[in-house]
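# Descriptive analysis of the structure
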Amino acid sequence: MAAAAALLAGCRDAQSALAPAADQAAWVFSLLGLMLWIGGAMYVLVLAFLAWAIWRARRPLAAETGTRGSQRGLSISLGVWAGIITMGLTVLSLASFVVDRRVALAGARDAVQVRVTGHQWWWRIQYRQPGGGWVETANELHLPAGRVTHVELGSSDVIHSFWVPNVAGKMDVVPGRINVLDLTPRKPGWYRGQCAEFCGLQHAHMALDVKVEPASDFNAWLAGQAQGAGPSVDPAAVRGKQIVTQGACAACHAVRGSAATGRVGPDLTHIASRRSIAAGLAPFSRGALQGWIAQPNALKPGTMMPAVPLSGADADAVSLYLTSLR
Ligand code: CUA
């Protein structure tokens, strides 16, 4: 118990199934509570009967064995015991079924439509715009509080698992198939998602920042993300833009509103608006970005992102330009 208390104290609320911030997580959490109560009661009963049996076995045998009364008592208590077990299992099965159905049927007609695609080792995120078309971003999922978001999950390579414990249970992300998950977040705040299926070297660095925000903030955010990148004024940023959008970066990355239209890696149009870089590897900062670009494989061994040799001045210009992409 002491060890468990010490370990659990390390759990933060930002990635915890014990601090539900959405309907789906709350239903699963209440199911957990029910299972713990019923399981706990059964455990206490079993231990109580065991203690009673040990105490009884110490008394002389001759007095009781073989009498008709004790046989009858034994049959009754076994019957009661079987009844309690059947009842407990029935309640648990029914509760599991009800929660499972509720999670599956949360859909609403005006749900926000989002596609999330798992890649080794990052998340592509696309929002359906009210007027049609899709807006792309990466590794940061925004959800409007109080509305249903319908998430379609796909994978481009291996099996991943989408898991934002404060919001909902896990859902497998399987190549060649679309799994769906409806989310109805209630509590605004930042949460952390994590790939929950081993998917290769950097499985642990396949995280997701999730922000639940009031619907008006969400709409403003989505409208901002739908815009292309703004013009660069600073001469160094202009140089950086040239390197990113016309050099090697553009083979894999897109910056909407520029010549860079790569689809292999994350969309960079509004990279500076995100909270972290490289799928939760480090908080967003110009320094972190510069280190990541200089030596991606040192920070995230196995990453598909190659190091692009840049002079010191060019690396400076690139990080300045990317930091301007708000
Ligand atoms: Cu993706 Cu583990």
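Residues numbered from 1 in each chain as written. Predicted model: local features only at pLDDT ≥ 70, side-chain atom pairs only at ≥ 80, totals over all residues. Heavy atoms only, no water.

### Concerning the overall build of the protein
Across its full length, the protein holds eight helices and 12 strands. Along the first, second and third principal axes, the C-alpha set of the protein runs to 100 × 45 × 35 Å. A buried classification covers 37% of the 326 residues belonging to the protein. For the protein, long-range pairs separated by at least 24 residues make up 64% of all intrachain contacts whose partners lie at least 6 apart in sequence. A total of about 17500 Å² of accessible surface is found on the protein, and carbon and sulfur atoms cover 64% of it. Averaging the locations of the 28 positively and 19 negatively charged side chains of the protein gives two centres separated by 8 Å. (Helix = DSSP H or I, 4+ residues; strand = E, 2+ residues; numbered from the N terminus. Buried < 20%, exposed > 50% of the residue type's maximum accessible area, 1.4 Å probe, protein only. Contact = heavy atoms within 4.5 Å. Areas by Shrake-Rupley, 256 points an atom, 1.4 Å probe, with all protein chains shown as cover. Lys, Arg positive; Asp, Glu negative; His and termini not counted. Charge placed at Lys NZ, Arg CZ, Asp CG, Glu CD.)

### Some remarks on the nonpolar core
One finds Val116, Trp123, Ile125, Tyr127, Leu141, Phe162 and Leu208 to be the most contacted residues of the largest nonpolar core, which totals 31 residues. Put simply, the parts of the chain that give this core at least two residues each are β1 (112-119), β2 (122-128), β4 (140-144), β5 (149-155), β8 (179-183), β10 (207-213) and α4 (215-226). Within the second largest apolar cluster, 19 residues are counted, among which are Cys249, Ala250, Phe284 and Trp292. (Core = buried A, V, L, I, M, F, W, Y, C linked by side-chain atoms within 4.5 Å.)

### Digging into a nonpolar patch on the surface
A cluster of nonpolar residues, Tyr43, Val44, Leu47, Leu50 and Ile54, forms a patch on the protein surface that exposes about 510 Å² of accessible area. Relative to the assigned elements, Leu50 resides in helix α2 (residues 23-57). Given the relative accessible area of 48%, Leu50 is considered partly exposed. (Patch = residues over 30% accessible without salt bridge, like charges linked within 9 Å, V, L, I, M, F, W, Y side chains within 5 Å. Salt bridge = Lys/Arg side-chain N within 4 Å of Asp/Glu carboxyl O.)

### Quick word on helix α3 (residues 68-104)
Here α3 spans 54 Å end to end across 37 residues, near enough to the 54 Å set by a 1.5 Å rise per residue. Packed against the buried residues of α3 are α2. (Expected span 1.5 Å × (residues − 1).)

### Overview of the packing of aromatic side chains
With the rule as written, the count across this model stands at five aromatic pairs. Considering the side-chain rings of Tyr127 and Phe218, the 5.9 Å spacing of their centres and the 55° angle between planes classify their relative orientation as tilted. Of this pair, Tyr127 sits in strand β2 while Phe218 sits in helix α4; the two residues are 91 residues apart in sequence, bridging distant segments of the chain. Under the relative-accessibility criterion, Tyr127 is labelled buried at 1%. Taking relative accessible area as the criterion, Phe218 reaches 2% and is therefore assigned buried. These aromatic residues form a ring-pair network of at least three members: Tyr127, Phe218 and Trp221. Directly above the ring of Trp163 sits Lys170, whose terminal nitrogen or CZ lies 4.6 Å from the centroid. The ring of Trp190 has Arg275 lying over it, and the distance from NZ or CZ to the ring centre is 4.3 Å. (Phe/Tyr/Trp six-rings, centres within 6.5 Å; stacked < 30°, edge-to-face > 60°. Lys NZ or Arg CZ within 6 Å of the ring centre and 35° of its normal.)

### Quick notes on the environment of Asp234
For Asp234, the location among the structural elements is in the loop between α4 and α5 (235-246). Judged by its relative accessible area of 39%, Asp234 falls in the partly exposed class. In this structure, the C-alpha to C-alpha distance between Asp234 and Gln129, residues 105 residues apart in sequence, is 32 Å. Of note is the side chain of Asp234, whose polar atom sits 2.8 Å from the backbone nitrogen of Ala236. (Polar contact = N/O pair within 3.5 Å; in protein donor to acceptor, adjacent residues only side chain to side chain.)

### Description of the domain arrangement of the protein
In terms of domains, the protein is made up of domain 1 (12-226) and domain 2 (235-322). Once you take the C-alpha centre of each, domain 1 and domain 2 turn out to be 36 Å apart. Counting residues at the interface gives 21 residues for domain 1, matched by 21 residues for domain 2. When domain 1 packs against domain 2, the two sides together hide about 1800 Å² of surface, and 46% of this comes from carbon and sulfur. Looking at the side of domain 1 facing domain 2, the largest losses of area belong to Glu136, His205 and Gln225, adding up to 25% of the total buried there. Linking domain 1 with domain 2 are one salt bridge, by the criterion used here. With its nearest N and O atoms 2.6 Å apart, the salt bridge here joins Arg263 to Glu136. At the level of secondary structure, the elements contributing two or more residues to the side of domain 1 that touches domain 2 comprise β2, β3 (134-138), β10 and α4. Of the residues belonging to the side of domain 1 that touches domain 2, the class tally is nine nonpolar, eight polar and four charged. (Domains from an automatic or database assignment. Buried area = accessible area lost by both parts, 1.4 Å probe. Nonpolar A, V, L, I, M, F, W, Y, C, P; charged D, E, K, R; others polar.)

### Observations concerning helix α6 (residues 286-294)
Looking only at α6, the buried set comprises Leu289, Trp292 and Ile293. End-on, the buried residues of α6 take up no more than an arc of 95°, which puts them together on one face. The elements touched by buried residues of α6 are β11 (276-277), α7 (296-299) and α8 (312-323). (Arc of directions from axis to C-beta.)

### Looking at the sheet that holds β5
A sheet is described by the order of its strands in space; here five strands give the open sequence β3-β2-β1-β5-β8, paired in mixed fashion. Of all strands in the sheet, those bounded by a partner on one side alone are β3 and β8. Across this sheet, the average inter-strand angle for adjacent strands is 25°, counted without regard to direction. Pairing geometry for β1 and β2, over six bridges, is antiparallel. Paired with Arg115 across the bridge in β2 is Gln126. Against the sheet, α4 engages β1, β2 and β3, with an angle of about 95° to β3. (Pairing = 2+ DSSP bridges. Axes fitted to C-alpha atoms, helices over the stretch in contact; angles between N-to-C directions.)

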